[in-house]
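Residues per chain are reported as follows:
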Amino acid sequence: MNPLILSSLLLVSLPVGYLAWSVLSVDRKARTATVEILTRGRGMPEVVEKKQRGLLDAIGYRLAPGSYVRKLDRLLSLAGRPVAWPLGRILAAKPVLGLVGASLFILISTSSPKPIIKLAGLFLLFLGYFIPDLLLYSKGKERQKAMQLELANTLDQMLISVEAGLGFEGAMARAGENGKGPLADEIVRTLQDMQVGRSRRESYLALAGRTDIPELRSFVQAIVQADTYGIAISRVLRIQAKVMRVKRRQRAEEKAMKLPVMILFPLLLFIFPVLFIAILGPAVVNTVVTFSGQ
């Protein structure tokens, strides 16, 4: 037999035989039962959704470096991990958006040879790939700012509850139930971590890790130290609430001091030119008419 024909038959039959053996030798019932046991209580809808988007997620994870994936996960944590924006979906959407941006770049570049047009197309290319990062960063900043504004009032509520006789966890639960916004959600999540068996220290440190607010981090460190050394929690809350009110007033004064500088540029660009035209315009017209002899 011709060696070329023999090698062709081997190259075809061996992969087909291996594929058939792999399919027929799998115990599907045992595998299904094992997967069901392992995923019991961990959210089967999420597992099913992950299977449906497994290919795109795998492509996104493969194309993105590990450090970049960790950075996106950090941005998601600061943004509150929106249900509509899981990490796998973002990693899968970034290459698609990058291809859309590349298509727009090619279309714009071929439409005109001007450098400014090519620069605009290049900007669309990078914008298409990094627009999820910008959205996550913006959402995270808004969320951290809202938490920072709510922190002083939340500590006051917890201080009132503790002085009324509640424990610290009870005060946290009352603040989480009565409060609205991301800080209340984070407090509720911290209590849920404790209920599932996580230690209080780990739950408090996880709360500080999910945020990027220096005031909240200092508050968590004070609570951890008070829990470790047995300091009265009401005293710690009173001091921390006072410090938060002072810092909130300082931030308001800082913004008030920055306001004249922020108004200066719109004043120079939009208001002063109009005033100059309205005041000096007639004089310039009269001067031109006089010197032109008309």
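Details of the structure are given in the entry above.
Residues numbered from 1 in each chain as written. Predicted model: local features only at pLDDT ≥ 70, side-chain atom pairs only at ≥ 80, totals over all residues. Heavy atoms only, no water.

Here we come to helix α11 (residues 214-229). Between its first and last C-alpha, α11 extends 23 Å over 16 residues, near the 22 Å set by a 1.5 Å rise per residue. Buried within α11 we find Glu215, Leu216, Phe219, Val220, Ala222, Ile223, Val224 and Ala226. Taken together, the buried residues of α11 touch α7 (115-163), α8 (168-178), α9 (182-195), α10 (200-209) and α12 (233-292). In the segment just after α11, glycine 230 is the residue with positive phi, at about 75°. (Helix = DSSP H or I, 4+ residues; strand = E, 2+ residues; numbered from the N terminus. Expected span 1.5 Å × (residues − 1). Buried < 20%, exposed > 50% of the residue type's maximum accessible area, 1.4 Å probe, protein only. Contact = heavy atoms within 4.5 Å.)

Where α9 meets α10, the axes come as close as 9 Å, and the angle between the chain directions of the two elements is 155°. Put simply, α9 runs roughly antiparallel to α10. Here α9 and α10 pass one another in a crossing that is right-handed. Contacts between α9 and α10 involve Glu186, Thr190, Asp193 and Met194 from the former and Arg200, Ser203, Tyr204 and Leu207 from the latter. In terms of residue class, the contact of α9 with α10 is made up of three nonpolar, two polar and three charged. (Axes fitted to C-alpha atoms, helices over the stretch in contact; angles between N-to-C directions. Parallel < 35°, antiparallel > 145°, perpendicular 65-115°, else oblique. Left-handed = near helix turned anticlockwise from the far one by under 90°. Nonpolar A, V, L, I, M, F, W, Y, C, P; charged D, E, K, R; others polar.)

Moving on, we come to the packing of aromatic side chains. By the definition in use, this model includes three aromatic pairs. Seen in terms of ring centroids, phenylalanine 272 and phenylalanine 276 are 6.1 Å apart; in terms of plane orientation they differ by 35°. Their pairing is tilted. With phenylalanine 272 and phenylalanine 276 both in helix α12, this residue pair falls four residues apart, about one helical turn. Given a relative accessible area of 30%, phenylalanine 272 falls into the partly exposed group. (Phe/Tyr/Trp six-rings, centres within 6.5 Å; stacked < 30°, edge-to-face > 60°.)

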